[in-house]
Amino acid sequence: MQKELSRYLFIGDFDSLLLGLFSKRGEVIWVSSLEEALNQTGSFTVIMIERGNFSSTASKELSTHYPQTPIIVSNGEKPEEPPPYVRFVPFHKILIEEIAREERIARIELRVEELRRIHSEAKKMLILLHDNPDPDSIASALALRTLLKRNRQTAMIGHLGEKISRPENIAMIDLLEIDLEKLVPGDIKEFDSIALVDVQPPYFGDLLPEVDTVIDHHPYFGSYKARFSEIKTQEGATSTILTDFLRAAQVEISERLATALLYGIKTDTISLNRDANPDDIEAFTFLYPSANLGLLRKIERAEAPPSEIRLFGQALANHWVSDGIFFGNLGRVKREYLIPKMADFGIQVKGIEWSVALGVVGNSHLVISVRNVGYVKSAGRLVRNLFRGLGSAGGHRSSAKAVIPLRKIRKALGKASQDNIKRWVTELFIKGVSEKAGEES
Ligand SMILES: [Mn+2]
């Protein structure tokens, strides 16, 4: 993405040193009065008002004139009733790094305002998750509901998938008392507005050509209409984006919500190891003191039934390695969660760069979970290329998933036997991983 030139509008009596610092980062326009400020053309990255030039009327006129620009007032005490969406920053804090941070928060604050406006009219809104609601998506939905000042009556959190199976996810929902509704596509029309978190409309096929909001950290894909969209692929979790929203809007984060978000970030970044960036770490550190760590431990040690542990053990014993790729086949499973667990396990094996786990779920779909060490090609892109036209596939740099209907496999292989599937998946990945063909992620 081409980075636009920053333009700063300074109003009032600023030190020349400060102006000098900013001129290193972009164009500085320095005016002495509000009238002059309103006479400027073009848009600005941020508007800085010196305390002496600040008044509620001035900030109102500026925000009407430059609705997309964050406003920061320097060198002053916060007034008793500060106007919304203006930040007050003590003068000594106006150093390059601080201001960059304040600028970022002020920008997010504007985004939150936009988001709130979009959903303000809806009597009943839907926060829709992907079909296998995971901690990151569930926590993000809770956070969005809090941000929009709604409750379970006015904002339903729902998904269109099967019953939740992963023990940790069930424990999270139980222990944090999260109300998650299992919906069918026909229910969608009952809602006045729809927000998608941790997923984008094309995931649902043609069901949602137009939605109100999309907040996600997966790469943008397909084409769709959204009135508000925040797609930040650099973040390791959607929970990080929502934590930033809550922080910028200065919303109080309850213990329950902090625990959920912390767990969301933790699972999506495999404890901040994979795909995590400084924003994730910052959000994690911010949430940590407010979270209930006892509860978190309980969620994390949610038990699996002995029969599933046995199945997992057998599959692990029968794993195979080809060309540095770990493969584990779970065969037929009732519950899907064993497959990503196997993939997580495989990538920890010494010398392995890729881990692929597979299993047939519900007698109808082959599910493949993929992990890699992070410095190789993108797992999400690889599975999209490998399974294009066969099923749904996607993910992140170092973790991805594909779901393929068995009937498609029968079409391709003649018979969807375990042996055929194993051979097919092994060959596909050996070829896909070694291919060079212009891979960039
Ligand atoms: Mn996520």
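From a predicted model like this one, the values you see are computed outputs, not experimental measurements.

In terms of regular secondary structure, the protein is built from 15 helices and 17 strands. Computed over C-alpha atoms, the radius of gyration of the protein comes to 25 Å, within 12% of the 22 Å expected from 2.2 N^0.38 for 441 residues, which places it in the range of a compact globule. Burial analysis of the protein (441 residues in total) assigns 51% to the buried set. Expressed as a percentage of contacts within the protein between residues at least 6 apart in sequence, the contacts between residues at least 24 apart total 61%. Positive and negative side-chain charges in the protein, numbering 57 and 58 respectively, have mean positions lying 8 Å apart.

This part takes up the pairing of strand β6 (residues 125-128). Side-chain alternation along β6 places M125 and I127 on one buried face and L126 and L128 on a second face that is also buried. Taken together, the four bridges between β6 and strand β7 (residues 155-159) define a ladder with parallel strand orientation. Directly across from I127, in β7, lies its bridge partner I157. With helix α5 (residues 135-147) bridging β6 and its parallel neighbour β7, the resulting β-α-β unit is right-handed.

This next bit is on unusual backbone geometry. With a phi close to 55°, K149 is a non-glycine residue in the positive phi region. In this fold, K149 is placed in the loop between α5 and β7. Residues other than glycine seldom take positive phi values, yet N363 does so here, at roughly 60°. Looking at the element boundaries, N363 is found in the loop between β14 (354-361) and β15 (365-372).

Taken together, the five strands give an open sheet; going across it, the order is β2-β1-β3-β4-β5, and neighbouring strands pair in parallel fashion. Two strands lie at the open edges of the sheet, namely β2 (26-31) and β5 (86-89), each paired on one side alone. Ignoring which end each strand starts from, the neighbouring axes of this sheet average 25° apart. Direction of pairing for strand β1 (residues 6-11) relative to strand β3 (residues 46-50): parallel, over a ladder of four bridges. When the sheet's bridge partners are listed, Y8 is paired in β3 with V46. Helix α1 (residues 16-23) contacts β1, β2 and β3 of the sheet and is inclined by roughly 150° relative to β2.

What counts and what doesn't
- Residues numbered from 1 in each chain as written.
- Predicted model: local features only at pLDDT ≥ 70, side-chain atom pairs only at ≥ 80, totals over all residues.
- Heavy atoms only, no water.
- Helix = DSSP H or I, 4+ residues; strand = E, 2+ residues; numbered from the N terminus.
- Rg over C-alpha atoms; globule rule 2.2 N^0.38 Å.
- Buried < 20%, exposed > 50% of the residue type's maximum accessible area, 1.4 Å probe, protein only.
- Contact = heavy atoms within 4.5 Å.
- Lys, Arg positive; Asp, Glu negative; His and termini not counted.
- Charge placed at Lys NZ, Arg CZ, Asp CG, Glu CD.
- Pairing = 2+ DSSP bridges.
- Right-handed = clockwise from strand over helix to strand, strands pointing away.
- Axes fitted to C-alpha atoms, helices over the stretch in contact; angles between N-to-C directions.

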